[in-house]
Amino acid sequence: MKPWRKQAAQPRRGNRPLRSGFVSILGRPNVGKSTLLNQLVGEKVAIVTSKPQTTRTRIHGIVEVPAKKGKHPAAQIVFVDTPGVHRPDSWLDKRMMQEVHDALESRDIVLLMVDATRRQEFSAPESEDSFTLSLVRKLDCPVFLLINKIDLLPKDKLLPMIAELCALRSFAEVIPVSARKGDGLDRLLVKLVEYLPEGERYFPKDQFTDQPLRFMVAELIRERILQETGEEVPYASAVVVERFEEPGPGAKNPVTRISAAIYCERSGQKAILIGKGGSKLKSIGMNARREIESLLGTRVFLELRVIVEEGWRERRGFVESLDWRKQIEELGKREQ
Ligand code: GDP
């Protein structure tokens, strides 16, 4: 018998039952985890690029599912995006894999996401797929198999793929989706509500993420770097927002003033980031500013500087200081 069960709806709080819980999205780099999270949440909470390993820490996106009469009660689902699963070698990698383990510990349901267009290598020993599967095998909560990017898959390939994947582990549900187009996501939400336990809201109803704005701003800048620079620079870059001044209440022409430092590992990378006559940095700043303005809903004054911090990815202290929870802690200490 399967160790999990769909939860029977029970009336509570004046006949208004609510389901709530944490859902971790797990999968190899580039399968579409961030795209899914953004589609579900409807706001840009995770960065999306065509380069793998762009999500470095756990990101929570919060989705309110309204009740559907006779079908399911209302729910608050807290999605936890994880960095892509991969075998760790540098300090940054280790830190990222720790995030994956943490995300799996505090979950009610896990979504194992695979890319329908890629050959899966779950049976090959040493492969990243089998490593991912070994993480999932240890779980005793419901695991949904999400087959993503079905918009790119010929229809006759889907059923054999489902059969092959279901032979590996028994999944609570198998749901083909296109995160980019939004196909299959309503069904996914309904199925998640079915399996979530009764509970209170973890976050206020109108909140869509628990990430501080300054962290999201840093991620938007990092996204521009990923999009505007070549192979090696993005992975060697980190962004820290050093100043974040929101406009005062009732400001006539609200402007948010932001200064951020872009760290890279070598002077060659710094030269690429700055570009000829500062053109690259200008373009990164201009495009990031547009995104930040639409996130914040105010005008933004954005100042960027590039700093070389040799070998930062190998330095535990530096990598840990990039974690926004650490940064918030530090800011709290400074303000005391
Ligand atoms: P992550 O590393 O798992 O978070 O992957 P991302 O969400 O960053 O997506 C990686 C790439 O796959 C991006 O170029 C996305 O636009 C693309 N992608 C994600 N979902 C879909 C999908 O359903 N269909 C198609 N065609 N592309 C997708």
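Residues numbered from 1 in each chain as written. Predicted model: local features only at pLDDT ≥ 70, side-chain atom pairs only at ≥ 80, totals over all residues. Heavy atoms only, no water.

1. Some thoughts on the side chain of E265
The test is simple: Each helix is a run of DSSP H or I of at least 4 residues and each strand a run of E of at least 2, with the numbering of both proceeding from the N terminus. N or O atoms within 3.5 Å of each other form a polar contact, as long as, within protein, one can give a hydrogen and the other can take it, and as long as residues adjacent in sequence are counted only when both atoms are side-chain atoms. Two residues qualify as a contact provided that any one of their heavy atoms is within 4.5 Å of a heavy atom in the partner residue.
Within the secondary structure, E265 sits in the loop between β8 (255–264) and α8 (267–274). Of note is the side chain of E265, whose polar atom sits 3.3 Å from the backbone nitrogen of W312. When neighbours within four sequence positions are excluded, E265 is seen to be in contact with A236, V308, E309, E310, G311, W312 and R313.

2. Some thoughts on the site of the ligand
The test is simple: Here a residue is considered near a molecule or strand provided that any single heavy atom belonging to it is located within 4 Å of it. Only Asp, Glu, Lys and Arg are considered charged, only Ala, Val, Leu, Ile, Met, Phe, Trp, Tyr, Cys and Pro nonpolar, and every remaining residue, Gly among them, polar.
Close to the ligand lie 17 residues, the nearest being N30, K33, S34, T35 and D151. Here an oxygen atom of the ligand and a backbone polar atom of G32 are 3.0 Å apart. In the environment of the ligand, an oxygen atom lies 3.1 Å from a nitrogen or oxygen atom belonging to the side chain of N148. A per-element tally of the shell around the ligand places helix α1 (residues 33–41) first, with three residues. Considering only residue class, the shell around the ligand consists of five nonpolar, eight polar and four charged.

3. Things to note about the pattern of salt bridges
Cut-off, in case you're wondering: For this analysis, a salt bridge means a side-chain nitrogen from Lys or Arg found within 4 Å of a carboxyl oxygen belonging to Asp or Glu. Each residue gets one of three labels from its accessible area relative to the maximum for its type: buried under 20%, exposed over 50%, partly exposed in between, using a 1.4 Å probe on protein chains only.
Summed over the entire model, instances satisfying the criterion amount to 10 salt bridges. For R107, the salt bridge identified is with D140, shortest N-O distance 3.6 Å. Pair noted here: R107 is in the loop between α2 (91–105) and β4 (109–115) and D140 is in the loop between α3 (128–137) and β5 (143–148), with a separation of 33 residues, a long-range link. Overall, the relative accessible area of 19% leaves R107 in the buried class. Overall, the relative accessible area of 55% leaves D140 in the exposed class. The partner of K191 in a salt bridge is E194, with the nearest N and O atoms 3.5 Å apart.

4. So, the environment of P176
Here P176 lies in strand β6 (residues 173–176). Considered as a pair, P176 and D151 are 25 residues apart in the sequence and their alpha carbons are 9.8 Å apart. In this structure P176 touches I147, I150, L158, I162, D183, G184 and R187, once residues within four positions along its chain are discounted.

5. Concerning the packing of helix α6 (residues 213–228) against helix α9 (residues 279–296)
We count it as follows: Whenever a helix is involved, its axis is fitted only over the stretch in contact; in every case the axis is a line through C-alpha atoms, and angles between N-to-C directions fall within 0 to 180 degrees. Angular relationships are summarised with four words: roughly parallel below 35 degrees, roughly antiparallel beyond 145, roughly perpendicular across 65 to 115, and oblique for the angles in between. In this scheme, a crossing is called left-handed if the near helix is turned counterclockwise away from the far one by less than a right angle; it is called right-handed if the turn is clockwise.
Two elements in contact, α6 and α9, have axes separated by 9 Å at closest approach and are oriented at 140 degrees. Here α9 runs oblique to α6, going by the angle between their axes. When the axes of α6 and α9 are compared, the crossing they make is right-handed. For the pair α6 and α9, contact is made by L213, M216, V217, L220, I221, R224, I225 and E228 and by K280, S283, I284, N287, A288, E291, I292, L295 and L296, respectively. In terms of residue class, the contact of α6 with α9 is built from 11 nonpolar, two polar and four charged.

6. Some words on the sheet that holds β8
Convention followed: By the convention used here, strands pair only if DSSP detects at least 2 bridges between them.
The strand order across the open sheet built from three strands is β7-β8-β9, with neighbouring strands paired in mixed fashion. Edge strands, defined here as strands with exactly one partner in the open sheet, are β7 (238–245) and β9 (299–308). Neighbour-to-neighbour, the strand axes of the sheet open up by a mean angle of 20 degrees, direction not taken into account. Examined bridge by bridge, β8 and β9 share 10 bridges and lie parallel to one another.

7. Description of the pairing of strand β3 (residues 74–81)
Every regular strand shows the same layout, with side chains that alternate between the two sheet faces. Counting buried residues along β3, eight of its eight residues qualify, which places the element largely inside the surrounding structure. Here β3 shows no split at all, with A74, Q76, V78 and V80 on one side and A75, I77, F79 and D81 on the other all buried. With eight bridges joining them, strand β1 (residues 18–27) and β3 adopt parallel strand pairing. Paired with S24 across the strands is V80, a residue of β3.

8. Some thoughts on the packing of aromatic side chains
Selection rule: The pairing test for Phe, Tyr and Trp rings, Trp by its six-membered ring, is centres within 6.5 Å, and the orientation test on the planes gives stacked under 30 degrees, edge-to-face over 60, and tilted for anything in between. Either the NZ atom of lysine or the CZ atom of arginine qualifies as a charge over a ring when it sits within 6 Å of the ring centre and within 35 degrees of the ring normal.
Counting across every chain of the model gives one aromatic pair. Ring plane angle 75 degrees and centroid distance 5.2 Å describe the contact between F144 and Y195, whose orientation is recorded as edge-to-face. Of this pair, F144 sits in strand β5 while Y195 sits in helix α5 (residues 185–195); the two residues are 51 residues apart in sequence, bridging distant segments of the chain. What makes F144 buried here is its relative accessible area of 0%. By relative accessible area, which is 7% here, Y195 ends up buried. Between R257 and the ring centre of F301, over which it is positioned, the NZ or CZ distance is 5.5 Å.

9. Digging into the environment of S283
Residue placement: S283 occurs in helix α9. Relative accessible area serves as the criterion here: at 23%, S283 is assigned to the partly exposed category. Sequence-wise, S283 and E228 are 55 residues apart; in three dimensions their C-alpha atoms are separated by 8.4 Å. A polar side-chain atom of S283 sits 2.5 Å from a polar atom in the side chain of E228.

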